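A look at the structure
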Amino acid sequence: MTWETIIGLEVHVELKTESKIFCNCSTRFGGEPNTQVCPVCLGLPGALPVLNQQALEFATRAALALNCQIAGYSKFDRKNYFYPDLPKAYQISQYDLPLAEHGHVDFIFGGEPRRVRIRRIHLEEDAGKLLHSEDGGLSADANVSLVDFNRSGVPLIEIVSEPDLRSGEEARAYLNRLKTILAYADVSHLKMEEGNLRADVNVSVRPTGSTEFGTRTEMKNVSSFRAVVRGIEYEAERQVKVLDEGGSIRQETRQWNETKGVTIALRSKEEAHDYRYFPDPDLPALDISRDFVEGVRANLPELPDARQARYVRDYGLRDVDAGILTSDLSLAAFFEEAAGLYPKDPKAVANWVLGDLLRIMNARAAESDEIPITPKQLADTLMLIDRGTISGKIAKTVFEETMATGKDPEVIVKEKGLVQISDTSELEKVIADVIAANPQPVADFRSGKETALGFLVGQVMKATRGKANPGIVNELLMKALK
Amino acid sequence: MQIRREDVDHVADLARLSLSEEEREKMTRELNSILGHVDKLNELKTDGVQPTFHVLASLKNVTRKDEVIHGLDRDRALQNAPSQKSGCFAVPKTVE
Amino acid sequence: MALYYKSAKELAGMLSRREVSAVELTRAALDRAEQVEEKVKSFVTRTPDLALAQAEAVDRRRATGETLSSLAGIPVAIKDNMNTFGVRTTCSSKILANYIPPYDATVVDRLNAAGTVTVGKTNLDEFAMGSSTENSGFFTTRNPWDTSRVPGGSSGGSAAAVAVGEAVISLGSDTGGSIRQPAALCGVTGLKPTYGRVSRYGLVAFASSLDQIGPFGRTAEDVALALSAIAGHDRLDSTSAPVPVPDFTAGLNRGVKGLKIGIPREYLAAGISPAVREAVLRAVEVLVGLGAEAEEVSMPHTEYALSAYYVIAPAEASSNLARYDGVRYGVRAGEYSDLVDMFSRTREEGFGPEVKRRIMLGTYALSSGYYDAYYLKAQKVRTLVNKDFEEAFRRFDVLVTPTAPSVAFGIGQKTDPLAMYLEDVCTIPVNLAGLPGMSLPCGFAAPEPAAGVAGGGPTAGDGNGLRLPIGLQIIGKAFDEETVLRVGHAFQQATDYHKQRPALDAKGGARQ
């Protein structure tokens, strides 16, 4: 029997407000433990929440960017459970009336267009952070865990997908696209290493062709895309094995262990949850007006699809190239600035970005927000070619050198003596030498074998270490061979 | 509706109350007595009646500006901690 | 009359005319507490040093010619479920026995700004759950009229402190009657304002959709003074109403002529003692004599209010009290095997029986499979209860009912939780609807015979033997505390029930 994997993702995204969702404490990452706390986010007796308007706006903006319908009426509910990082022993979240529903994300996977439906997006508060001895640092005592509440109350949106994904790699493609859209929408810092984006992963398997869903398990708080992919693959394989052996899948929460590369069932006592949701009496309901939604929509930044279409339309790029450029906000911004500085040939700019730039960045495993060359440096390089100062080939060397050192291309050309040789008398000498040294190709050319010219040009370039102006070399060679 | 002894056990788990055997027995009786009174609610038809979650129905969309105000200094935040360490609240280890 | 028994209004005049200093007045209250506290036990924590420092500050400011609020220098007691910066706040629970708040409740802020003098934190039923203070995790407060009886609750300490002269004004909180019922049982005036009128920020939550802070005083006028100081929108409480706050003392003397008073007949039905019923009806006659018009009205859903309340309040409480887990504050269990065990033992050891009962009830009512049948159903019934009020207030300016079904009962007399819950049968509907309600003394009666004892005792107004106060409840429209206070003030101008003081100093407590 063959099996099909069914995956649904619940993605938690921290919003980039200055202050927390229900109090005025800073959301800044990396502060000393428990220095960004107050009675509200510590859950002290008597403290009460007040909603941050900006959190509501960011959440709405994200929902619109993900093609959701915004609710006319929404409210906050309490999700009750005990855990040391949850100060009130309930999380303020949204249950039956989420902020937004019925969205979708379109992306390309395996060369094919795919659409994952978004079931709902709701707004909630983050919990604090637990530190364990094995994480090193603060807690040396193996019998205790330490709690830092700086993160408690950072605003989150939870983006719940329908079970539309079928493989780990497809889940990665979806997550990448989701991250791109959220970056364009400018609602989160999206720093994976700071936990700005975490996923709960629901996995089940069913016999290929079946239309019913199998029993699913949930992996909570998976914090890298790589772990999502590996976790899904492991979990699908595990479930298939259990079923193949005649067993059955228990609906349970499992934890992905990155070091061991396995998922482990949590103790049933800790996951025996009955969240007892009910409307939070401390927070009045939200009447979300059309005006508010349209106001947010009007201020929505340009999204990747729109930008891709614009690149095709305005710059004459191929759709696939425009797609790659816009798949990353930093890359697109780089391209667009460089194209602005070199308006005569945006396609050439695109080729450089998609070619050399990405190749070098990939080789270095650099993040897209750390492009080590400025758009101006790329444009300047292109202009050096246009002016005949350097050849296209030398330009590649200059470009690599700029990426490596950050030095401006003019400086590199000067320092390394890379200026192109266009002086005819100097070149005529070299050509004479090349003709003398290569009688056979010369004879071939003269007998009508035109390809031999290329070889001779190459010899001249070699002799000048690439600095000869290829156009002039061509011209002079033809003259000399007549 | 009658609450059974095993319901009491389950609810005590949910509420994180380690009730004694005796308390559980007594709780079962008392909750049944109270719920017996509460069952009076079923005499009323409430189809189509909206629940009153907030008594001030006109109060909606209460929000504040996104601005940072320093809260508590760490010493104050931790002053009531039953157990603390390295500027954090200390609890029994959470995962094995 | 002793200084400590005068009204805030009168004392404010004396203070501003410098006939008495804030320090002298504070000493009078502190001395009074020294004298009676052992018998009454109003306070969980007394704060004489703080009080004297605050009083000295007021005197200094007055000496510089500064214009001070009318409450400046008035000794005030605060229920121990309101946060006071640096002053232990226990909710009368063992679980918070050592808790020192790092912030002030908004009401405490506002009182401090008005220059009141904090004499202490008063006893309550643990987390405000109860009607007698017998559920306090520490001790039971005594009724100053008879120390073998309860002061009512949950704000029993605050009511007793004002009744016995340990404070001139006090603050209580009222979720189902916790200001009004003890006011009735202790013979003082107590107001639960409209939900949203007074900020709940810093009030330790019991049932968030019902809780409201309000003042106790010796007169409706004192209560109006105190309400003016604490009322008003607070940006820290999302449920506080952005409505203007009038000077609640301004319209007190406008009388009741032409005012329409409704008498809901369901509130005088079975379960209300004859003496109470009689006293309430006589109070209505007094008001009619002053020019009001009174008429009976039916509020058919009244009998369901208690059932709805005992789902809604415990459900909210079960969530509000989940934070007492031994992690960030409070008393953690001494021994435990792991995290879950630490939670469970901390809560088992820290909470008393009534709190546990309500947590269990509320957890059950919200749990999977029961939410619709209990919680949702109760909130729908709440809508029906509220509709009764809406209808009634189309015809009437205020409604008048008993506050409590009977006078103060004996300590240890009510052992069945349900019997205790029935104490609040007249006050609970008002919380469900979020309306303002005030209790004020409207008569005295001999104690009820204990359950099972045959024969009736002396009736209201009996001049001999033990006399216990009866409370009249005046219910107003939302945000119309002014009319409630006006009716109360008119009644007190025409009667002297509120001027009676317990004879605590006589031999055998209050027994004469």
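What this report covers is the structure whose coordinates are included nearby. (Residues numbered from 1 in each chain as written. Chains lettered and ligands numbered in written order. Predicted model: local features only at pLDDT ≥ 70, side-chain atom pairs only at ≥ 80, totals over all residues. Heavy atoms only, no water.)

Thoughts on helix 13 (residues 424-437) of chain A
Residues and elements named next belong to chain A. The end-to-end C-alpha distance of helix 13 is 20 Å, a good match for the 20 Å that 14 residues give at a rise of 1.5 Å each. Those residues of helix 13 not exposed but buried are Leu427, Val430, Ile431, Val434 and Ile435. Looking straight down helix 13, one finds that the buried residues subtend no more than 140 degrees of arc, so they occupy a single side. Across helix 13 from its buried face, at more than 90 degrees, point the exposed residues Lys429, Asp433, Ala436 and Ala437. Contacts from the buried residues of helix 13 go to helix 14 (439-446), helix 15 (451-463) and helix 16 (470-481). (Helix = DSSP H or I, 4+ residues; strand = E, 2+ residues; numbered from the N terminus. Expected span 1.5 Å × (residues − 1). Buried < 20%, exposed > 50% of the residue type's maximum accessible area, 1.4 Å probe, protein only. Arc of directions from axis to C-beta. Contact = heavy atoms within 4.5 Å.)

A look at the side chain of Lys6(C)
Relative to the helices and strands, Lys6(C) resides in the segment before helix 1 (8-16). There is a polar contact of 3.5 Å between the side chain of Lys6(C) and the backbone oxygen of Met1(C). (Polar contact = N/O pair within 3.5 Å; in protein donor to acceptor, adjacent residues only side chain to side chain.)

Topic: the pairing of strand 5 (residues 77-80) of chain A
Residue and element names in this part refer to chain A. Of the two faces of strand 5, the one lined by Asp77 and Lys79 and the one lined by Arg78 and Asn80 are each fully buried. Across four bridges, strand 5 lies against strand 6 (residues 90-93) in antiparallel orientation. Following the sheet pairing, Asp77 is matched in strand 6 by Ser93. For strand 5 and strand 16 (residues 278-279), the ladder comprises two bridges, and the chain directions are antiparallel. Residue pairing across strands places Arg78 opposite Phe278, the latter belonging to strand 16. (Pairing = 2+ DSSP bridges.)

Quick notes on unusual backbone geometry
The peptide bond linking Gly153(C) to Ser154(C) adopts the cis configuration, its omega dihedral lying at 10 degrees. Here Ser154(C) is to be found in the loop between strand 3 (117-122) and helix 5 (156-164). Backbone geometry at Asn61(B) places phi at a positive 50 degrees, although glycine is not the residue there. Within the secondary structure layout, Asn61(B) lies in the loop between helix 2 (21-38) and strand 1 (63-64). Here Asn61(B) falls in the partly exposed class, since its relative accessible area comes to 35%.

Remarks on the interface of chain C and chain B
Residue-level contacts link 69 residues of chain C with 53 residues of chain B. Together chain C and chain B conceal approximately 5200 Å² of surface at their shared face, both sides included; 69% is due to carbon and sulfur atoms. Our count for the chain C to chain B interface comes out at three salt bridges. The closest approach of N and O atoms between Lys40(B) and Glu303(C), which form a salt bridge, is 2.7 Å. Inspection of the region where chain C meets chain B yields 18 residue pairs in polar contact (both at pLDDT 80 or more). Taken together, the elements giving at least two residues each to the side of chain C that touches chain B come down to helix 9 (302-320), helix 10 (339-350), helix 11 (353-366), helix 12 (371-395), helix 13 (417-421) and helix 14 (428-433) of chain C. Sort the elements by how many residues they give to the side of chain C that touches chain B and helix 12 of chain C lands first, with 14 residues. (Buried area = accessible area lost by both parts, 1.4 Å probe. Salt bridge = Lys/Arg side-chain N within 4 Å of Asp/Glu carboxyl O.)

Concerning a negative patch on the surface
Side chains of Glu193(A), Glu367(A), Asp369(A) and Glu370(A) sit close together on the surface and give a patch of like negative charge. Tracing the sequence through the fold places Asp369(A) in the loop between helix 9 (346-364) and helix 10 (375-386). (Patch = residues over 30% accessible without salt bridge, like charges linked within 9 Å, V, L, I, M, F, W, Y side chains within 5 Å. Areas by Shrake-Rupley, 256 points an atom, 1.4 Å probe, with all protein chains shown as cover. Lys, Arg positive; Asp, Glu negative; His and termini not counted. Charge placed at Lys NZ, Arg CZ, Asp CG, Glu CD.)

Some thoughts on the pattern of salt bridges
Evaluated as defined, the whole model comprises 71 salt bridges over all chains. Across the pair Glu43(B) and Lys40(B) runs a salt bridge, and its minimum N-O distance is 3.6 Å. Of the residues examined, Glu43(B) reaches a relative accessible area of 53% and is grouped as exposed. Under the relative-accessibility criterion, Lys40(B) is labelled buried at 18%. Its salt-bridge partner being Lys121(C), residue Asp80(C) comes within 3.0 Å of it at the nearest N-O pair. Remark: Lys121(C) occurs in strand 3 and Asp80(C) occurs in the loop between strand 2 (75-79) and helix 4 (106-114); sequence separation between them is 41 residues. For Asp80(C), a relative accessible area of 0% translates into the label buried. Overlapping salt bridges, with partners in common, bring together Arg78(A), Asp280(A), Asp282(A), Arg200(C) and Asp237(C) in one network.

Overview of the packing of helix 8 (residues 329-341) of chain A against helix 9 of chain A
A pair of packed helices is characterised by two quantities: the angle between their axes and the separation of those axes. All names here are of chain A. The interhelical angle for the contact between helix 8 and helix 9, taken along N-to-C directions, is 140 degrees, at an axis separation of 9 Å. What the angle tells us is that helix 8 and helix 9 run oblique. Between helix 8 and helix 9 lies a crossing of right-handed hand. Contact residues: helix 8 offers Leu331, Phe334, Phe335, Ala338 and Ala339, while helix 9 offers Pro346, Val349, Ala350, Val353, Leu357 and Leu358. (Axes fitted to C-alpha atoms, helices over the stretch in contact; angles between N-to-C directions. Parallel < 35°, antiparallel > 145°, perpendicular 65-115°, else oblique. Left-handed = near helix turned anticlockwise from the far one by under 90°.)

Concerning the packing of helix 1 (residues 53-65) of chain A against helix 5 (residues 290-298) of chain A
Residue and element names in this part refer to chain A. It is at 9 Å that the axes of helix 1 and helix 5 come closest, and there the two elements cross at 70 degrees. Of the possible angle classes, the one that applies to helix 1 and helix 5 is roughly perpendicular. When the axes of helix 1 and helix 5 are compared, the crossing they make is right-handed. Contacts between helix 1 and helix 5 involve Gln53, Leu56, Glu57, Thr60, Arg61 and Leu64 from the former and Phe292, Val293, Val296 and Arg297 from the latter. Taken together, the residues of the contact of helix 1 with helix 5 sort by class into five nonpolar, two polar and three charged. (Nonpolar A, V, L, I, M, F, W, Y, C, P; charged D, E, K, R; others polar.)

Comments concerning the nonpolar core
Core analysis: the largest hydrophobic core is formed by 276 residues, its most contacted members being Ile159(A), Tyr174(A), Phe127(C) and Phe389(C). At 10 residues, the largest contribution of residues to this core is made by helix 9 of chain C. Two domains each provide a minimum of three residues to this core, namely domain 1 (8-209 + 273-296) and domain 2 (302-415) of chain A. Not counting the four nearest positions on each side in its chain, Ile159(A) is found in contact with Leu9(A), Glu10(A), Val11(A), Val13(A), Leu66(A), Ile118(A), Arg120(A), Ile121(A), Tyr174(A), Leu178(A) and Leu182(A). Residues Ile431(A), Val457(A), Met461(A) and Ile472(A) belong to the second largest nonpolar core, which totals 20 residues. (Core = buried A, V, L, I, M, F, W, Y, C linked by side-chain atoms within 4.5 Å. Domains from an automatic or database assignment.)

What about the sheet that holds strand 16 of chain A?
In space, the three strands of this open sheet follow the order 6-5-16 (chain A), with antiparallel pairing throughout. One side of each edge strand has no neighbouring strand; the edge strands of this open sheet are strand 6 and strand 16 of chain A. Packing of helix 9 of chain C onto the sheet brings it into contact with strand 5, strand 6 and strand 16 of chain A, and relative to strand 5 of chain A it is tilted by some 60 degrees.

Points about the interface of chain B and chain A
Each partner contributes to the interface: chain B provides 35 residues, whereas chain A provides 57 residues. Between chain B and chain A, roughly 3800 Å² of surface is buried when both sides are summed, and carbon and sulfur atoms account for 56% of that area. By the criterion of area lost to chain A, the three top residues of chain B are Arg64(B), Asp66(B) and Thr94(B), representing 18% of everything that side buries. At the surface where chain B touches chain A, the tally comes to one salt bridge. Between Lys60(B) and Asp287(A) there is a salt bridge, with its nearest N and O atoms 3.4 Å apart. The interface formed by chain B and chain A contains 23 residue pairs in polar contact (both at pLDDT 80 or more). Broken down by secondary-structure element, the contributors of at least two residues to the side of chain B that touches chain A are helix 1 (5-14), strand 1, helix 3 (74-78) and strand 3 (88-92) of chain B. Of the residues forming the side of chain B that touches chain A, the biggest block, five residues, is contributed by strand 3 of chain B. Residues of the side of chain B that touches chain A, tallied by class, amount to 16 nonpolar, nine polar and 10 charged. With two bridges joining them, strand 2 (residues 51-52) of chain A and strand 1 of chain B adopt parallel strand pairing. The partner of Leu51(A) across the bridge, within strand 1 of chain B, is Thr63(B).

Quick look at helix 1 of chain C
All names here are of chain C. Looking at helix 1, one finds that the buried residues are Ala8, Leu11, Ala12, Gly13, Met14 and Leu15. Among the structural elements, helix 2 (22-40), helix 3 (48-63), strand 4 (169-174) and helix 7 (220-230) are those in contact with the buried residues of helix 1. After helix 1 finishes, the residue Arg18 shows a positive phi value of roughly 60 degrees.

Section: the environment of Gln459(A)
Positionally, Gln459(A) belongs in helix 15. Residues Gln459(A) and Val434(A), 25 residues apart in the sequence, show an inter-C-alpha distance of 6.8 Å.

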